[in-house]
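# Examining the three-dimensional arrangement
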Amino acid sequence: MKEYTLYATMGAGFESVVAKELNNLGYETNTENGRVFFKGTQKDIVRTNLWLRSADRIKILLKEFKAFSFDQLYDEVYSYDWAELLPVDAQFPVKGRSVRSKLHSEPDVQSIVKKAIVDKLTDQYRRRGFLPESGAEYPLDIHIYKDVARLSLDTTGQSLFKRGYRVEHGGAPLKENFAAGLIELTPFDGSHPFIDPMTGSGTIAIEAALKAKNVAPGIWRKFAFDNFDWFNKQLHPELVDEAKAQEKTEHAPILASDIDQSILEIAKVNAHNAGVLQDIKFKQVAVKDFATALENGIIIANPPYGKRLKDREAAEKIYEEMGQTLRPLSSFSQYYLTSDPQFEKFFGARATKKRKFYNGNLRTDYYQYWANKR
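Moving on, we come to the packing of aromatic side chains. Summed over all chains, the structure comprises 24 aromatic pairs. Judged by centre distance (5.1 Å) and plane angle (55°), the ring pair of Tyr27 and Phe38 falls under tilted. With a gap of 11 residues between them, Tyr27 in the loop between α1 (15–24) and β2 (30–32) and Phe38 in strand β3 (residues 35–40) connect regions that are remote in the sequence. There is no split in this pair, since Tyr27 and Phe38 are both buried. Put simply, the rings of Tyr4, Tyr138, Phe223, Phe225, Phe228, Trp230 and Phe231 touch in pairs and so form one group of aromatic residues. Its guanidinium or amino end placed over the ring of Phe65, Lys63 lies 5.7 Å from that ring's centre, counting from NZ or CZ. Its end group placed over the ring of Tyr78, Lys120 keeps NZ or CZ at 5.0 Å from the ring centre.

Here you go:
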């Protein structure tokens, strides 16, 4: 079976998380900013698309080369055997990015790559300069960094965060793979209680339940590779069946609460769609009134950020309330994501550790408070 050079892409700061996920799946990895490289066959393309919780996409690296001029870029792209990859009617959109390189115009880079592929395919298929592009989509990517170009094929399609269960959401939901990445940074494996006391549309709690039940996060969806004419069509259903056989039913309690009953109803719909409604205990309660007899677990919350002054004052009051009710739960490891640099002051304790992430364009910190085990 042909082996490919593959790489996973992810949000900034999650490289080590994705690398660990790939290592746990048995792959040797090599990490760069925004990418984790590994080797694999078509089966591994299906497997990683199905199982990676915190990645964005899985891509095949087709070719890597130096590109100092547009002529050089054209010639290198033209020299690839495109007919082996693309059928005559393929749609092949080209996305381009160029950073710190002589060829800095991204629209020009994209159009040169597109022209080189069209010219090669019309030669290979003996078409007179016309390709219908009416068939399946093969999403291509050209990335140039410090004059080194990488040409890739996206096997995923819509980003892996689109699990397929979230039909409605609150005002500012975390993407599913972002929430999963936050969970991967904790010891949570389903054997200890899990609490999300400000659950909103439920994404963090749902991702925790999927992990606790060992549900493959991509199990409900289709991928770009499903439409590639050279891809083994039996692999995807086979690996879905294999994944379903590995699911678990038993796990420790998972609690999700919020002050807003209407958004809790949305969270329940999402949990139902993900098949985990019976695995999460939802409750309407303000964080200041939260209480539990559970011990030795994990708390993760994404409290309000308060970008405007009035909102910030309200958010800081919530941080104080969180400190009063959650800080005493010292047998729990606690993790809080917020963009407020004053969070520790209002929560009333210094974090054991902090990690920086970008939620969209917003800089956030992940405050980690490790448990005093009883």
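Moving on to the side chain of Gln368. Within the secondary structure layout, Gln368 lies in strand β14 (residues 362–369). Given the relative accessible area of 3%, Gln368 is considered buried.

Looking now at the environment of Tyr27. A relative accessible area of 9% places Tyr27 in the buried class. Within the structure, the side chain of Tyr27 is placed 2.6 Å from the side chain of Asp44, a separation counted as a polar contact. Side chain to side chain, Tyr27 and Arg47 meet in a polar contact 2.9 Å long.

Read across the open sheet, the seven strands follow the order β10-β9-β8-β11-β12-β14-β13; overall the sheet is mixed. Because the sheet does not close on itself, it has two edges, and the strands there are β10 (281–284) and β13 (353–359). With direction set aside, neighbouring strand axes in the sheet form an average angle of 15°. Where β13 lies against β14, seven bridges are found, and the strand directions are antiparallel. Counted as the bridge partner of Phe357 is Thr364 from β14. Contacting β8 (194–196), β11 (298–301), β12 (333–338), β13 and β14, helix α6 (residues 176–184) runs over the sheet at an angle of about 170° to β13.

Conventions adopted
Residues numbered from 1 in each chain as written. Predicted model: local features only at pLDDT ≥ 70, side-chain atom pairs only at ≥ 80, totals over all residues. Heavy atoms only, no water. Phe/Tyr/Trp six-rings, centres within 6.5 Å; stacked < 30°, edge-to-face > 60°. Helix = DSSP H or I, 4+ residues; strand = E, 2+ residues; numbered from the N terminus. Buried < 20%, exposed > 50% of the residue type's maximum accessible area, 1.4 Å probe, protein only. Lys NZ or Arg CZ within 6 Å of the ring centre and 35° of its normal. Polar contact = N/O pair within 3.5 Å; in protein donor to acceptor, adjacent residues only side chain to side chain. Pairing = 2+ DSSP bridges. Axes fitted to C-alpha atoms, helices over the stretch in contact; angles between N-to-C directions. Contact = heavy atoms within 4.5 Å.

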